[in-house]
Amino acid sequence: DGYGGKVLSATIANFYATVTLYPEDGSRIILEPHDQFDPTAFDSLEVLQQKTERHGYYGGLRLLRATCKRFADLASKAGVNIGRGFRMRYDTTIPVQVGLSGSSAIIVAALRALCSFYQIELSDLDVLQRIPNHVLSVEKDELEISAGLQDRVIQVYEGLMYMDFNLAQLQEFGYGKYMRLSCSNLPQLYLAWVRTPEFSGKVHSNLRARFEAREPAVMEAMRKFATFTDEARQLLSKDSDVAEELATLMDQNFELRRQLLGDSVVGKENLEMVSLARSLGFGCKFTGSGGAIVCVARPGIVVDEGSITAIFNDNGYHFTAVTVHYPSTLTGCT
């Protein structure tokens, strides 16, 4: 998404991020730390060490604060009265640091909660197509976290979306072309992710510098990635079973990324997870920057979820069937 490409993305109901606001007297704002992700007390130095290795140094509080700041900027420009005070609390079940958009999910949830609290719509702040840009700005501009538009677009629109981040379109309008797709012919998806993740941004390596230098291999790879997306979109418009073709495209996507970045960057644990999935009859690719893969079973493969989950668990991974979340109220698209 950050390289002028095209993507397919879906929201899933397996995990969630929630933000709740409670009215406070006057204009006072209170951001509550999460017991698990924003701890300030530990049973021992060893526990501090373990929790820091697992969750890092930053929890969700900085995301809430930055979102509130950016919301105040937008609301002031839109003439929204933001004088009411509140207490803000968050929770999330999204696995961390495996490329499943956990940070942006908290931001979008906070932005929706703020809109609900002040009785406005997201579209009252700006045209809907630019709302993902504002979510992205919370991370990139306020917190200097490297990120792209894809995750924010799907979290704002929900469902199954086709996105075209053509650079000319982005330069002219500031946002891409977003199209809602039907889930009716989407095969059952599965998700696997590492038990002990590393920082998800690692897999990008020096790709940005190579892209900005217009390295031929990188530019050609980006064109191929976009072609994979267009082919997948065409498959999903068919009435026939497309699992085999979709699984093949996913494998091709992963292999191209592996060729582009190299095994040392993709990582031994990720490679072993993909190899395991393929040995069980799945086609698969990264969900994001690494740490989790989305899988499609090839035709003829009987998926015994209990047995396959046990196999993944025995090898140090999690595994689950995916429930795609399609919103009851559809949000408009370009």
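Criteria and thresholds
- Residues numbered from 1 in each chain as written.
- Predicted model: local features only at pLDDT ≥ 70, side-chain atom pairs only at ≥ 80, totals over all residues.
- Heavy atoms only, no water.
- Phe/Tyr/Trp six-rings, centres within 6.5 Å; stacked < 30°, edge-to-face > 60°.
- Helix = DSSP H or I, 4+ residues; strand = E, 2+ residues; numbered from the N terminus.
- Buried < 20%, exposed > 50% of the residue type's maximum accessible area, 1.4 Å probe, protein only.
- Lys NZ or Arg CZ within 6 Å of the ring centre and 35° of its normal.
- Pairing = 2+ DSSP bridges.
- Axes fitted to C-alpha atoms, helices over the stretch in contact; angles between N-to-C directions.
- Contact = heavy atoms within 4.5 Å.
- Parallel < 35°, antiparallel > 145°, perpendicular 65-115°, else oblique.
- Left-handed = near helix turned anticlockwise from the far one by under 90°.
- Nonpolar A, V, L, I, M, F, W, Y, C, P; charged D, E, K, R; others polar.
- Salt bridge = Lys/Arg side-chain N within 4 Å of Asp/Glu carboxyl O.
- Core = buried A, V, L, I, M, F, W, Y, C linked by side-chain atoms within 4.5 Å.

Caption draft 1: How the structure looks around the packing of aromatic side chains. Within this structure, the stated rule accounts for 15 aromatic pairs. Consider the rings of F71 and Y118, whose centres lie 5.7 Å apart with planes at 20 degrees: the pair is stacked. Of this pair, F71 sits in helix α2 (residues 61-78) while Y118 is found in the loop between α3 (102-117) and α4 (122-125), placing the two residues 47 residues apart along the sequence. Accessibility assignment for this pair places F71 and Y118 in one class, buried. Measuring from ring centre to ring centre gives 4.8 Å for F312 and F319, while their planes differ by 15 degrees; the resulting arrangement is stacked. Neither residue differs from the other here; F312 and F319 are each classed as buried. Each residue in the set F71, F86, F117 and Y118 is aromatic and connected to the rest through ring pairs, giving one cluster. Taking the ring centre of F117 as reference, the NZ or CZ of R84 above it sits at 3.9 Å. For the cation-ring pair, R208 lies above Y3, with the distance from its terminal atom to the ring centre recorded as 4.3 Å.

Caption draft 2: Highlighting the sheet that holds strand β3 (residues 29-31). Taken in spatial order, the three strands of this open sheet run β2-β4-β3, and their pairing is mixed. Among the strands making up the open sheet, the edge pair consists of β2 (17-24) and β3. Going from strand to strand, the sheet's axes swing by 15 degrees on average, the running direction of each strand aside. Lying over the sheet, α2 contacts β2, β3 and β4 (85-92), oriented at roughly 135 degrees with respect to β4. Seen against the sheet, α3 touches β2 and β4 and runs at an angle of roughly 35 degrees to β2.

Caption draft 3: Inspection of the sheet that holds strand β9 (residues 292-297) at higher detail. With respect to topology, four strands assemble into an open sheet ordered β8-β9-β7-β10, the strand pairing being antiparallel. In the strand order of this sheet, the two ends are held by β8 (282-286) and β10 (317-321), each with one partner. The average undirected angle you get between the axes of adjacent strands in this sheet is 25 degrees. Looking at chain direction, strand β7 (residues 189-194) and β9 are connected through five bridges and run antiparallel. When the sheet's bridge partners are listed, Y190 is paired in β9 with C295. Contacts from helix α10 (residues 243-261) reach β8 and β9, with the element oriented near 40 degrees to β8.

Caption draft 4: Structural detail: the packing of α2 against α3. At a minimum axis distance of 9 Å, the contact between α2 and α3 shows a crossing angle of 45 degrees. Here α2 is positioned oblique relative to α3, judged by the angle of their axes. Relative to α3, the crossing made by α2 is right-handed. Residues L63, L64, T67, C68 and F71 of α2 form the contact with α3, whose own contacting residues are S103, I106, I107, A110, L111, L114 and C115. Considered class by class, the residues forming the contact of α2 with α3 number 10 nonpolar, two polar and no charged.

Caption draft 5: Representation of the pattern of salt bridges within the structure. According to the stated counting rule, one finds 21 salt bridges in the structure shown. One salt bridge in this structure joins D230 and K6, with 2.8 Å as the shortest N-O distance. Here D230, found in helix α9 (residues 216-236), pairs with K6, found in strand β1 (residues 6-10); they are 224 residues apart in sequence, far enough to count as distant. The class for D230 is partly exposed, based on a relative accessible area of 21%. For K6, a relative accessible area of 23% corresponds to the partly exposed category. Close ionic contact of D251 with R298 constitutes a salt bridge, the shortest N to O distance being 2.7 Å. Of the two residues, D251 sits in helix α10 while R298 sits in the loop between β9 and α13 (305-314), which places them 47 residues apart along the sequence.

Caption draft 6: Molecular detail of the pairing of β4. As paired elements, β2 and β4 share eight bridges and run antiparallel to each other. From the neighbouring strand, L21 faces β4, where its bridge partner is M88. Of the pairings in the sheet, the one linking β3 to β4 comprises three bridges and is parallel in character. In the strand pairing of β4, L31 is matched with M88.

Caption draft 7: Layout of the nonpolar core. V19, F71, M88, L125, Y178, I293 and F312 are the most contacted members of the largest nonpolar core, which totals 104 residues. Counting residues per element, this core draws most heavily on α3, at 11 residues.

Caption draft 8: View of the pairing of β9. Counting buried positions along β9 yields six of six residues, so the element is predominantly enclosed. Neither face of β9 is exposed, since A292, V294 and V296 on one face and I293, C295 and A297 on the opposite face are all buried. The pairing of β8 with β9 spans five bridges and is classified as antiparallel. Within the sheet, the bridge partner assigned to G283 lies in β9 and is V296.

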